[in-house]
Amino acid sequence: MKTLVWVEHDGASVKDATLAVVTAASQLGEVHLLVAGRGVDGVAAEAAKIAGVGKVHVADDAAYAHALAENVAPLIVDLMGHHDAVLFPATSNGKNIAPRVAALLDVMQISDILSVESDDTFTRPIYAGNAIATVQTKDAKKVITVRGTAFEKAATTGGSGTIEKVAATGDKGVSTYVGSEIAKSERPELTSAKIIVSGGRALQNSENFHTIIEPLADKLGAGVGASRAAVDAGYVPNDYQVGQTGKIVAPEVYIAIGISGAIQHLAGMKDSKTIIAINKDEDAPIFQVADIGLVGDLFKIVPELTGKL
Amino acid sequence: MKVLVPVKRVLDYNVKPRVKADGTGVDLANVKMSMNPFDEIAVEEAIRLKDKGVTEIVVVSIGEQKSQETLRTALAMGADRAILVVSEEKVEPLGVAKLLAKIVEEEKPDLIILGKQAIDDDNNQTGQMLAGLLGVGQATFASKVELTADSVTVTREVDGGSETEMLSLPAVITTDLRLNEPRYASLPNIMKAKSKPMAQKTPADYGVDVSPRLTTLKVIEPAKRTAGVKVADVDELVAKLKAMGVAK
Ligand SMILES: Cc1cc2nc3c(=O)[nH]c(=O)nc-3n(C[C@H](O)[C@H](O)[C@H](O)COP(=O)(O)OP(=O)(O)OC[C@H]3O[C@@H](n4cnc5c(N)ncnc54)[C@H](O)[C@@H]3O)c2cc1C
Ligand SMILES: Nc1ncnc2c1ncn2[C@@H]1O[C@H](COP(=O)(O)O)[C@@H](O)[C@H]1O
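Calculation criteria
- Residues numbered from 1 in each chain as written.
- Chains lettered and ligands numbered in written order.
- Predicted model: local features only at pLDDT ≥ 70, side-chain atom pairs only at ≥ 80, totals over all residues.
- Heavy atoms only, no water.
- Near = heavy atom within 4 Å.
- Polar contact = N/O pair within 3.5 Å; in protein donor to acceptor, adjacent residues only side chain to side chain.
- Areas by Shrake-Rupley, 256 points an atom, 1.4 Å probe, with all protein chains shown as cover.
- Helix = DSSP H or I, 4+ residues; strand = E, 2+ residues; numbered from the N terminus.
- Nonpolar A, V, L, I, M, F, W, Y, C, P; charged D, E, K, R; others polar.
- Pairing = 2+ DSSP bridges.
- Axes fitted to C-alpha atoms, helices over the stretch in contact; angles between N-to-C directions.
- Contact = heavy atoms within 4.5 Å.
- Buried < 20%, exposed > 50% of the residue type's maximum accessible area, 1.4 Å probe, protein only.
- Buried area = accessible area lost by both parts, 1.4 Å probe.
- Salt bridge = Lys/Arg side-chain N within 4 Å of Asp/Glu carboxyl O.
- Patch = residues over 30% accessible without salt bridge, like charges linked within 9 Å, V, L, I, M, F, W, Y side chains within 5 Å.

Visitor: Where do I start with the site of ligand 2 in this structure?
Guide: Residues and elements named next belong to chain B. Lining the immediate surroundings of ligand 2 are 18 residues, of which D39, I62, A118, N124 and T126 lie closest. Backbone polar atom of G115 to an oxygen atom of ligand 2: 3.0 Å apart, as the coordinates give it. Backbone polar atom of A118 to an oxygen atom of ligand 2: 2.7 Å apart, as the coordinates give it. Notes on ligand 2: free accessible area 480 Å², of which the protein chains cover 98%. Elements with a minimum of two residues in the shell around ligand 2: β4 (56-63), α3 (93-107) and β6 (111-115). Element by element, the count of residues in the shell around ligand 2 is highest for β4, at three residues. Tallied by class, residues from the shell around ligand 2 come to eight nonpolar, eight polar and two charged.

Visitor: Looking at this model, I keep getting lost on the sheet that holds strand β3 (residues 53-60) of chain A. Mind explaining?
Guide: In sheet architecture, strand pairing relies on hydrogen bonds along the backbone and comes in two forms, parallel and antiparallel. All names here are of chain A. Strand order in this open sheet of seven strands is β5-β9-β4-β1-β2-β3-β10, and the pairing throughout is parallel. With partners counted over all chains shown, the strands left at the sheet margins are β5 (110-113) and β10 (162-165), one partner each. Here the average twist between neighbouring strands, direction ignored, is 25°. Strands β2 (30-37), β3 and β10 of the sheet are contacted by helix α2 (residues 41-48), whose axis makes an angle of about 170° with β3.

Visitor: Would you mind showing me how to read the sheet that holds β4(B) here?
Guide: The mixed open sheet is built from 10 strands, whose spatial order is β11(A)-β9(B)-β8(B)-β7(B)-β10(B)-β6(B)-β1(B)-β4(B)-β5(B)-β11(B). Edge positions in the sheet fall to β11 (175-182) of chain A together with β11 (198-201) of chain B, since each of these pairs with one other strand and no more. The mean inter-strand angle of the sheet, taken between neighbouring strand axes irrespective of direction, is 35°. Here strand β8 (residues 151-158) of chain B runs beside strand β9 (residues 161-168) of chain B; their pairing, made up of eight bridges, is antiparallel. Following the sheet pairing, B:T155 is matched in β9(B) by B:T164. Against the sheet, helix α3 (residues 69-79) of chain A touches β11 of chain A together with β7 (137-147) and β9 of chain B, its axis set at about 175° to β7(B).

Visitor: Help me understand helix α4 (residues 126-134) of chain B in this model?
Guide: A turn of α-helix holds 3.6 residues, and therefore any two residues three or four places apart point the same way. Buried residues dominate α4(B), accounting for seven of its nine residues. Buried residues in α4(B) make contact with α4 (92-105) of chain A together with α3, β6, β7 and β10 (171-175) of chain B. Immediately beyond the C-terminal end of α4(B), within one or two residues, lies B:G135, with a positive phi of roughly 70°.

Visitor: Could you clarify how one ought to interpret the interface of chain B and chain A in this entry?
Guide: Accessible area lost upon the coming together of the parts is a frequently used measure of interface size. Taken together, the contact pairs 77 residues of chain B with 84 residues of chain A. Summing both sides of the interface, chain B and chain A together bury roughly 6,800 Å²; the carbon and sulfur share of this comes to 55%. Inspection of the region where chain B meets chain A yields six salt bridges. Counting every contact that joins chain B to chain A gives 46 residue pairs in polar contact (both at pLDDT 80 or more). Listed by contribution, the elements that provide at least two residues to the side of chain B that touches chain A are α3, α4, β7, β8, β9, β12 (214-220), β13 (229-231) and α6 (234-243) of chain B. Top contributing element to the side of chain B that touches chain A by residue count: β9(B), with eight residues. Per-class residue counts for the side of chain B that touches chain A are 37 nonpolar, 19 polar and 21 charged. Sheet topology note: the strand β16 (residues 292-295) of chain A/β13(B) ladder contains three bridges and is parallel. Bridged to A:L294 within β13(B) is B:V231.

Visitor: Is there a simple way to explain the pattern of salt bridges in this structure?
Guide: Between side chains of opposite charge, pairing is possible as soon as their charged atoms come close. Scanning the entire structure with this criterion turns up 32 salt bridges over all chains. When the shortest N-O distance is used, the salt bridge between B:E165 and B:R156 registers 3.1 Å. The class of B:E165 is buried, set by a relative accessible area of 2%. Take B:R156: its relative accessible area is 1%, and that puts it in the buried class. For B:E157, the salt bridge goes to B:R178, with nearest N and O atoms at 3.0 Å. Pair noted here: B:E157 is in strand β8 and B:R178 is in the loop between β10 and α5 (187-193), with a separation of 21 residues, a long-range link. One continuous salt-bridge network, built from bridges that share partners, spans A:D106, A:D139, B:K98 and B:R213.

Visitor: Looking at this structure, I do not really get a nonpolar patch on the surface. What am I missing?
Guide: Residues B:L187, B:I190 and B:M191 make up a contiguous nonpolar surface patch of roughly 300 Å² in combined accessible area. Here B:L187 is to be found in helix α5.

Visitor: Sorry, what's going on with helix α1 (residues 17-26) of chain A here?
Guide: All names here are of chain A. In terms of burial, α1 is largely enclosed, as eight of its 10 residues are buried. Of the positions making up α1, those classed as buried are T18, L19, A20, V21, V22, T23, A24 and A25. The secondary structure elements touched by the buried residues of α1 are β1 (2-6), β2, β3, β4 (85-89), β6 (115-118) and β9 (142-146).

So this is what it looks like as structure tokens:
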């Protein structure tokens with residue numbers, strides 16, 4: 001089987017999320033990549049070095065500069081003339097583009113796969129991860145998004161893919177990129193952080209997030225996450241949200257502070273290796289999944305913990 | 001301007017899903033079902049756009065007869081009319097998108113607002129598929145919508161922050177959680193909704209083949225995590241972190 005992986009990048013380098021997708025694709029067959037963007041020679045060169053990669057298709061055109069699904073999907077559809085499957089990371093860009101490709105190919109997408117069971121059979125979470133379905137597809141062409149935490153990351157070196165230019169399919173003229181506000185942070189990205197410190201509604205305001213959660217994260221070199229309640233209340237930006245509808249994370253250590261443990265939150269972090277919970281309510285559901293729990297007032301406990309580390 | 005809002009009936013988000021012992025799926029017998037939370041947000045947004053030139057809101061559901069309840073809820077919130085496409089069998093996002101594309105051909109809405117994902121199958125596909133089939137612009141994961149006479153500007157929640165796009169109309173939008181806070185229907189509005197029109201159709205009426213492409217071979221419960229230990233104080237927690245190599 002010939003697979004195509006849509007490469008997520010920021011214009012300068014390949015995003016980590018792509019690497020797990022390469023691993024998933026390699027379980028299906030030969031791996032080709034697509035780098036679409038504007039001025040992406042550097043990204044393509046980097047992509048060609050990913051272990052196990054055969055060919056890197058490069059589409060360099062202004063129409064692809066902001067990964068608009070309306071423009072990228074037709075390009076992928078063209079390439080699917082000689083590929084059997086296309087895989088995307090289950091990131092916001094991947095989730096935005098993949099279904100449009102599937103519809104244009106008249107196939108049913110398989111979202112967020114956790115494993116490749118065979119050429120046509122995959123497992124995927126449903127009901128916020130409260131059930132795992134094994135699904136088999138009848139479609140000849142496969143369109144798949146891959147959950148990054150479920151596959152090892154392919155090595156970024158060792159590959160020697162050949163780079164091939166592909167013709168651009170143009171701007172469809174139905175959508176225009178206006179701008180973006182991407183938070184710059186010195187901290188590790190949530191989806192690749194080894195340790196995550198997360199805060200919930202109990203933090204009460206953004207000031208407390210700064211003075212209580214962040215120093216602990218800094219001490220541990222950790223990423224910072226949050227529950228939806230904390231995001232909705234404006235304590236932190238939306239991209240901090242962990243859960244069914246936020247980021248799916250699986251770090252070595254996840255420290256949940258003042259988070260009750262609603263199923264929608266658990267959906268995003270219950271595959272973490274070790275879960276530590278700090279909560280004043282000893283019956284909080286988060287303790288049912290926590291490996292280590294400490295019952296008490298976070299305003300007392302967390303500063304003390306930060307001080308003693 | 002006309003807005004079309006597809007709404008799905010799903011297991012209420014407060015109910016803990018139970019996997020059936022025979023591994024065929026999640027048990028939906030005698031449990032509370034509600035409108036998909038993202039679809040409530042979509043209905044709410046359409047209603048709020050009524051101050052911005054929207055004159056009619058049509059809600060659509062594809063599903064079993066009981067989806068009438070879900071449509072009535074949307075009508076009680078403020079939608080004007082409903083279409084139920086009856087299918088007792090589950091219809092996949094591709095089939096739903098094809099049916100919606102036909103309804104769009106008939107109804108010619110200026111805007112279609114869907115939820116970003118249905119919280120039962122967590123597919124996150126239908127809106128993007130519909131936009132692809134229609135060849136129109138799509139703005140997924142919307143947190144802000146500004147409508148003008150011939151375009152819509154949407155702020156989207158993306159990894160790392162937010163992004164803004166402008167689409168020409170007609171266009172497809174899918175909602176994220178922070179777009180708005182949906183209203184509760186008042187009792188008088190619930191009563192009024194009972195007399196609002198609801199058309200009944202079938203996939204055959206639209207000539208759409210909705211036979212599934214995916215077969216679910218089995219559904220299992222994920223590996224259970226078990227509660228670990230409780231430590232008595234910070235010192236004990238620090239000792240654990242050191243033993244794990246997380247702290248020095
Ligand atoms: C469709 C849908 C999708 C959703 N998606 C997500 C998602 O992706 N991610 C997500 O997180 N949620 C999501 N939610 C929301 C989810 O249901 C919960 O409402 C949310 O996770 C609760 O956040 P919380 O635990 O911070 O707040 P609460 O449930 O209010 O919990 C606060 C906790 O803090 C504890 N506490 C209070 N004061 C202190 C103190 N001084 N010291 C120590 N502990 C204290 C309390 O005991 C309590 O357990 C979603 C909901 C819906 C409907
Ligand atoms: N059977 C259905 N009937 C009406 N709308 C649906 C149906 N299935 C999905 N949708 C719409 O598509 C959105 C995304 O669903 P999904 O792609 O299944 O995650 C939902 O939030 C609804 O707005």
